[in-house]
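Report on the structure
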Amino acid sequence: PRSTVPPGASTDWEGRAPPTEPPLSAAQCPLMQQGQLPISLPLVLQEEMDTRPKVSSLLNRMANYTNLTQGAREHEEAENIAEGKKKPTKMGTFMGVYLPCLQNIFGVILFLRLTWVVGTAGVLQAFAIVLICCCCTLLTAISMSAIATNGVVPAGGSYFMISRALGPEFGGAVGLCFYLGTTFAAAMYILGAIEIFLIYITPEAAIFRSTDVLKESAAMLNNMRVYGSAFLVLMVLVVFVGVRYVNKFASLFLACVIVSILAIYAGAIKSSFAPPHFPVCMLGNRTLSGRQIDICAKTQELGNFTVPTQLWGLFCNSSKQLNATCDEYFAHNNVTSIQGIPGLASGIITENLWSSYLQKGEIIEKPSAHSVDVLGAMSQEYVLADITTSFTLLVGIFFPSVTGIMAGSNRSGDLKDAQKSIPIGTILAILTTSFVCILPGLVWWEGFGDAVHRNLVVGTLSWPSPWVIVFGSFFSTCGAGLQSLTGAPRLLCPPAVPLCPRAGCIPVFGHSKANGEPTWALLLTAGIAELGILIASLDLVAPILSMFFLMCYLFVNLACALQTLLRTPNWRPRFRYYHWALSFVGMSICLALMFVSSWYYAIVAMVIAGMIYKYIEYQGSEKEWGDGIRGLSLSAARFALLRLEEGPPHTKNWRPQLLVLLKLDEDLHVKHPRLLTFASQLKAGKGLTIVGSVMVGNFLENYAEVLAAEQTIKHLMEAERVKGFCQLVVAAKVREGISHLIQSCGLGGMKHNTVVMGWPNAWRQSEDARAWKTFISTVRVTTAARLALLVAKNVAFYPGNAEPFLEGNIDVWWIVHDGGMLMLLPFLLKQHKVWRKCNIRIFTVAQLEDNSIQMKKDLATFLYHLRIEAEVEVVEMHDSDISAYTYERTLMMEQRSQMLRHMRLSKTERDREAQLVKDRNSMLRLTSIGSDEDEETETYQEKVQMTWTKDKYMAARGQKARTLEGMQDLLNMKPDQSNVRRMHTAVKLNEVIVNKSHEAKLVLLNMPGPPRNPAGDENYMEFLEVLTEGLERVLLVRGGGSEVITIYS
C-alpha cells in the first residue's frame, strides 16, 4: 500500500512513520534520573562522548577564542577594567597595522641620513640601496603574511611565528635578536633626537665646545653621551611610572610623523616650480662651511671702496689687505653661491647619478663646478667628511629606516582579524614608505648642516616651514624611543615572548611591579641602550641594530620556505601570494646584507644567536609545537634511509648497530642496568642503539604496563647517556618476543647488526630449564639472521661510566676468525674514557703443526696494517691425555642431564609443576630474556585436579618403579666420547686463558655455535660454563659472517 506519511515528516529506515507514543520522561526512565543517558546524544556514540567533545562545544570554544594581548596594551586594559571602564575594542587594518608600521618605518634615518646617503652614493646607487632594503622587507613581509595567516596568531609576534615554524630553539634565538635590535633601536632614536636638538633646535645647549674643527666632532660626541644618558633616564622613568601614558601619546607622535611626511611631499611639489632659497657657498668646486662666513664672496663694495670680506681673512692669514699673501687655491679659484635645492626642472638628477665616496677628513666637492687644479692648504673652513663612506657602510646605515615591519604582527592580540589585517596593512605600509624614500633623491648632498648654516636639508625642502620637519622629526624620534623602551622588556618575560620555553629559565625577568611592568627587564634594557648611547654616533649604532633585525627577517623567510617545501598538512595559509622561491630570495638578501654592511657585526650576531640556541637546546623545551625543523628531520631521515637501502654498508663503514636485550623484573625495573652501561661505552654515542625487552601477556590488556616499562627504560637510557630507541614487545612467550625483536627492529638500512645480551646466571641451580633454553634459542635466531652476538658474563662486575680503569689489559683470545669482530671491539671500547688507559693484548692458539714464531710475526704485521696497537702472543696447545678430572666432569654433566630428563618424564610432577606455574603467573608475569615457557611445561587452561583413584595410584606406582630403574642406570652409565673430547678441549683452553688473563679487566673470546641437535643444548651450556670459569669479566663474541674490519683505506 501507498505510504500515508505526510511530506516533510520524519521516517525510519523502512519508510514508516514513527510511533505516536509520547517520549519517556525522566521519571519513567531510571537511567535518565541518574544522568547516564543524555536524551540529545546518539546512543551509538555514547562511549565516544565520554572522552571526546561534542561538535557544538568545540565550535563554541573556537568562536570564543581570545588572543592574549602583548606589550603595554594589556596593562592599560587591566587598569580600565579595574576602574570599571569598558574594555577597548579591537583594532582594524588601518589603525592596528598600517599606521604602527608607518610610524616605526618612518624614523630618524629618513629625516637625518637619507639625503646624505643620496648625496654620497649618487642617485643610481642610492636607488639600489633603497631598492635592495625595501625588497628585503617586502619579501619578508610576504613570508610573514603567509605564516601569520596559517592559523590564529596570539601575542608574541615574530617569536610566536618562528618558534612554531622552526622550533623553540630558533624562536628563542630570534626572540633575543629581536630584543637586542629593539633595544639598540631605542638608543638610535635617542641619539637622533639629541642630534636634532643640539644641531638644529638649540646649538647653544652644547656643554662641550671646541674652536678646532678637528676636535669639534669629539666634543659633539661627548655632548651626545651626556644628553643621551639624561634622555634615556627620563624615558625609563616615564615607562616605569606607567606605560598607559606612552600609549596615550602614541597618537600624537604618529600625527607628527604624518604631518612631517605631508610637509615633505608638499615641499617637493613646490620646489619643482619654485625652489626654496637654499644657498651653498663654494670656493672653486669645494664646499665652504657657513659658520664664520658673513658674505659668500672674497670682497665687497662699501661705498666706493672694495674691502675684503671675512672669508678673505680666513684664507689670507687674517689679513685685511687686498695685496696680502693668500692660500694658493683661494687665489686661483672664484667664490660662488649656488642653489642647494635647484628643483626637478634644473636637471640636477643627471648630475647626481654617480657616487662620491670619501675618506674621513676629505673635502666635499662638487664635480661639475669649475676649479683650478692646485693643491692649496687644508683650511678649517671647508666642509670635511666626518666618516669614511662606502656602499656597504651606507647599506648598514640606511637599513634601519625600513625596519619596523613587524609592528603590526606584534600587535596581533589587539586586532579584530589578524589573518586579514597583518598581510594587507604590512605590505601597504612597505609600499608607501618605499615610494616616499625615492623622493629625496632630488637632493645632491648634505653635510650635517655645516654648508647651509646648520639647517636641516629635509626641513628646508618642506612646506610651509622648516620647523615643521624639525619639531616633527624630534617628537617622532622621541615617541619611537619610548615605544622601543616599552616593547623591548616584554620580549624577555613570559608568557608573551619568553626567551626560553621553560618558564624558569630566566626567572629574574619575570619579576614585575603591581601593574605588571617588567621592572628588571626594563633595567636591563636601559643598561644595553646605554651602551649604544655611549657609542654616541648614529652612524655606528645603526649597523648594529641592522644585524639583529636582519637575523630576525632571515629566520622568518627560512620558516616560510621550509614549511612550503615540506608541504606539511597543517600548512594552509590564507595569504596565497607567496612562494618558497620568494622566501629563499628574501633569506639570501638578508644574509648578503648582513655581511655586506658589516661582516664582523654579522659574525657577532650569529654567535649570539648560536649561543642562545644551544642554551635553549640544553635546557630542553617542555612542549612539542610541530615545528618545521621536526618535519625537516623526518624528510632528511627518509632520504637517508632510502640511500642506505641501496646496498649493504662497506666494510670501512661497518660499526656495531646494537640491539640490547634487557630483562625486567616484576616491578618493571631493569635487572642488569650495567648491560646498558656497557653498550654506551661500546658505542660512545655513535651509530644505532635499540634497547628491547619482552613482556609476557596480552597487548590489549597490558598496554599501560608497556608504557610504564618504556618510561623506565628511557629514564635509564638517559641516565646512562645512551642515544637510541626503546622497543617493547608483548608476546605469549618470551622466546617468540625475542624472535620478533630480532626480526623487526629497525627501519630500512637503519637496522641492528649486533645483538647484546646477558649470560643466564645460576642456570645450573635453577629447577626451571626455560632460562637456558631461551638463551640458546636467541643464539640460534641471531645466527640464522646472520647477526653478530655479544654475550656479557658476570655483567654486574662491569665498570660504570664513572669508574674509569687507570691501568689494566683487555685480553682478546682469537681462536677462530669471525670477520674481525674481536679486533674491532677492543678498539671501540678504548675510545671511551673508562677503557682508554687499558692496553690491548691479543692471544692466538697454535696447534702442533703450526709455526708459532711465524704466526706471531704475521699477526703483528696484520695489526700494523689495521692501525691497532696491541701486544701479540701465540699460545701453543699440544695434545695431551684426557685427565680424570675431564672424564669425571663429562660424566657428571651427562648424569645431570639424564636425571633431569627422567624427572621431567614424571607426569605427576609435570602436572604439579604446571599448576604451580599457572598459580604463580595468574597476574601479569613480567619476564624477559632468560625465561620462557617451554613446550614441556605448557600450562593447562583447566585446573589440574589432584584426586587419587585406583588407576592413577597404580600408574604412579609403575612410574615410580621406572624412575628408580632409570636412577640405577645413571650410576652405571659411561660418558659419550665426543662429549669427553669437547670437555677436554674446554678445560685445557680454560686453563690457558685463566693462566694468562686472570688479572685482565675484560676477556674477549670466540663463542662456539650451538649444536644442531637440540638434545645437546644442556651440554652446550656446560661447555661454555667450563670455558669461562675463573674469569671476572667475559665477553663472548660470535660474528655475523661478514668482514667488519679491513686493512685498506
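Here the residue numbers are simple positions, counted from 1 along each chain's written sequence. Two thresholds apply to this predicted model, a pLDDT of at least 70 for residue-level local features and 80 or more for giving and counting side-chain atom pairs, whereas whole-chain, interface and lining totals are computed over all residues. With hydrogens and water set aside, each side-chain value is computed from the structure's full complement of heavy atoms.

**Comments concerning unusual backbone geometry**
What counts is decided by this rule: Strands are runs of DSSP state E lasting at least 2 residues, helices are runs of H or I lasting at least 4, and numbering of each runs from the N terminus. Any residue under 20% of the maximum accessible area for its type is buried, any over 50% is exposed, and the rest in between are partly exposed; the area is computed with a 1.4 Å probe on protein chains only.
Unlike most non-glycine residues, Ala536 shows phi in positive territory, near 70 degrees. Phi at Leu668 is positive, roughly 65 degrees, even though this residue is not glycine. Residue placement: Leu668 occurs in the loop between β6 (658-661) and α25 (673-683). Note on Leu668: relative accessible area 13%, which makes it buried.

**Here we look at α25**
Summarising burial for α25: nine of the eleven residues are buried, a large majority. Of all the residues in α25, the buried ones are Leu675, Leu676, Thr677, Phe678, Ala679, Ser680, Gln681, Leu682 and Lys683.

**Some thoughts on the state of the cysteines**
To keep it simple, the criterion reads: Here, a disulfide means two cysteine sulfur atoms that sit within 2.5 Å of each other.
Considering all chains together, one arrives at two disulfides under this definition. Disulfide pairing places Cys281 opposite Cys296 at an S-S distance of 2.1 Å. Handedness of the Cys281-Cys296 disulfide follows from its S-S torsion of about 90 degrees: it is right-handed. Separated by 15 residues along the polypeptide, Cys281 in strand β1 (residues 279-283) and Cys296 in the loop between β2 (286-287) and β3 (299-302) bring together distant segments of the chain. You can call Cys281 buried: its relative accessible area is 10%.

**A word on the sheet that holds β1**
Defined as follows: Being paired, for any two strands, means DSSP has found at least two bridges between them.
With antiparallel pairing, the three strands of this open sheet are ordered in space as β2-β1-β5. The two strands at the open ends of the sheet, each matched to only one other strand, are β2 and β5 (335-339).

**Side note on a nonpolar patch on the surface**
Where we set the bar: Only residues whose relative accessible area exceeds 30% and that form no salt bridge enter a patch; like-charged residues are grouped when within 9 Å of one another, and nonpolar side chains (Val, Leu, Ile, Met, Phe, Trp, Tyr) when within 5 Å. Under the convention used here, a 1.4 Å probe and the Shrake-Rupley method define accessible areas, while residue burial counts only the protein chains that appear. Any carboxyl oxygen of Asp or Glu within 4 Å of a side-chain nitrogen of Lys or Arg constitutes a salt bridge here.
A surface patch of nonpolar side chains, amounting to about 780 Å² of accessible area, comprises Leu591, Phe595, Trp599, Tyr600, Ile603, Met606, Val607 and Met611. By residue number, the principal contributor to the nonpolar patch is helix α23 (residues 599-619), which donates six residues. Turning to its location among the elements, Trp599 is positioned in helix α23.

**Re the pattern of salt bridges**
For the structure on display, the rule yields seven salt bridges. With a closest N to O distance of 2.8 Å, Glu1025 and Lys793 form a salt bridge. Within this pair, whereas Glu1025 is found in helix α35 (residues 1017-1027), its partner Lys793 is found in strand β10 (residues 788-793), the two being separated by 232 residues in sequence. Each member of the pair, Glu1025 as well as Lys793, is classed as buried. The salt bridge partner of Arg841 is Asp811, with a shortest N-O separation of 2.7 Å.

**Looking at the sheet that holds strand β8 (residues 725-731)**
Condition: As a rule, the C-alpha atoms of each element are fitted with a line to give its axis, helices using only the stretch in contact, and angles between N-to-C directions run from 0 to 180 degrees.
Pairing is mixed in the open sheet, where ten strands are placed in the order β8-β7-β6-β9-β10-β15-β14-β11-β12-β13. In the strand order of this sheet, the two ends are held by β8 and β13 (871-876), each with one partner. With direction set aside, neighbouring strand axes in the sheet form an average angle of 20 degrees. Sheet topology places strand β12 (residues 839-846) next to β13; six bridges connect them, and they run parallel. What sits directly across from Arg841, in β13, is Glu871.

**Some words on a positive patch on the surface**
Heads up, the rule is: None of His or the chain ends enter the tally, which takes Lys and Arg as positive and Asp and Glu as negative. Think of each charge as sitting on NZ of Lys, CZ of Arg, CG of Asp or CD of Glu.
A cluster of basic residues, Arg721, Lys723, Lys833 and Arg836, forms a positive patch on the protein surface. Along the chain, Lys723 turns up in the loop between α26 (703-719) and β8.

Limitation: the analysis is restricted to geometry and does not speak to function.
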